[in-house]
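Close look at the chain arrangement
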Amino acid sequence: MTGGTSGLDDLDELYESIILDHYRNPRHTEPLEHPDVDVEANNPFCGDEIHIQLELDGDTVTGVSVSGRGCAISQSSASLLSEMLEDKNAADALEFVTLVRRMMRGDTLTEEEKDILGDVAALEGVKRFPVRIKCALLSWTALEDSLVNRAGT
Ligand code: ZN
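So, here's what we can say about the structure. (Residues numbered from 1 in each chain as written. Predicted model: local features only at pLDDT ≥ 70, side-chain atom pairs only at ≥ 80, totals over all residues. Heavy atoms only, no water.)

**Examining the sheet that holds strand E2 (residues 48-57)**
To keep things clear, this is the line we draw: Here, any two strands with at least 2 DSSP bridges between them count as paired. A run of DSSP states H or I qualifies as a helix once it reaches four residues; a run of E qualifies as a strand once it reaches two. Both are numbered from the N-terminal end. For helices, the fitted axis covers only the stretch in contact; all axes are lines through C-alpha atoms, and the angles between them, taken along N-to-C directions, range from 0 to 180 degrees.
Spatially, 3 strands are ordered E1-E2-E3 in an open sheet, and the strand pairing comes out antiparallel. Looking at which strands have only one partner, the edges of the open sheet turn out to be strand E1 (37-43) and strand E3 (60-69). Each neighbouring strand pair of the sheet contributes to a mean axis angle of 15 degrees, computed without reference to strand direction. Both E1 and E2 contribute to a ladder of 7 bridges, which runs antiparallel. Across the sheet, Ala41 pairs through a bridge with Ile50, a residue of E2.

**Considering the packing of aromatic side chains**
Applicable threshold: Only Phe, Tyr and Trp rings are paired, with Trp represented by its six-membered ring, and only when their centres lie within 6.5 Å; those with planes under 30 degrees apart are stacked, over 60 edge-to-face, the remainder tilted. Only protein chains enter the accessibility calculation, which uses a 1.4 Å probe; a residue whose area is less than 20% of its type maximum is buried, one above 50% is exposed, and one in between is partly exposed.
Taken as a whole and judged by the stated rule, the model has 1 aromatic pair. Plain terms: the ring middles of Phe96 and Trp140 are 5.7 Å apart, the flat faces sit at 15 degrees to each other, and that makes the pair stacked. Taken together, the positions of Phe96 in helix H3 (residues 90-105) and Trp140 in helix H5 (residues 130-152) put the pair 44 residues apart, joining distant regions of the chain. A residue is classified by how much of its surface remains accessible, and Phe96, at 4% relative accessible area, is buried. Owing to a relative accessible area of 0%, Trp140 belongs among the buried residues under this scheme.

Without other data, these values stay purely geometric and don't point to any function.
Now the structure itself:
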């Protein structure tokens with residue numbers, strides 16, 4: 001499968017390969033038995049569905065499961081999110097989501113911030129495709145909502 005598989009032929013090749021790798025081999029898809037957070041989200045504009053589960057010990061994320069179906073951008077973004085959550089606490093995860101949203105909005109990020117993003121920076125090129133930004137942010141917004149709501153209860 002080359003060209004056109006992601007519908008984003010103009011993306012940087014390295015970035016596209018990261019996105020396609022996560023799309024084809026999504027990480028952390030095994031459902032959790034006792035999730036503390038369990039949230040589903042969908043993007044009706046594209047038909048994307050995301051299911052996020054977290055196990056938390058206090059504020060530390062001790063287990064993560066992310067699954068779903070939909071376009072390459074939404075699914076690879078969710079898989080990147082699941083990798084990001086490895087050994088993060090809830091506060092760090094929320095800061096990370098803010099960074100992702102700033103990247104997608106086209107804010108200029110510092111080198112340090114780009115380093116923090118790591119592979120997730122592969123999603124940056126998606127901002128040139130406005131209809132795809134919702135796809136890219138679907139799982140991040142769902143994670144943010146679930147963590148914020150959890151903190152509020
Ligand atoms: Zn989509």
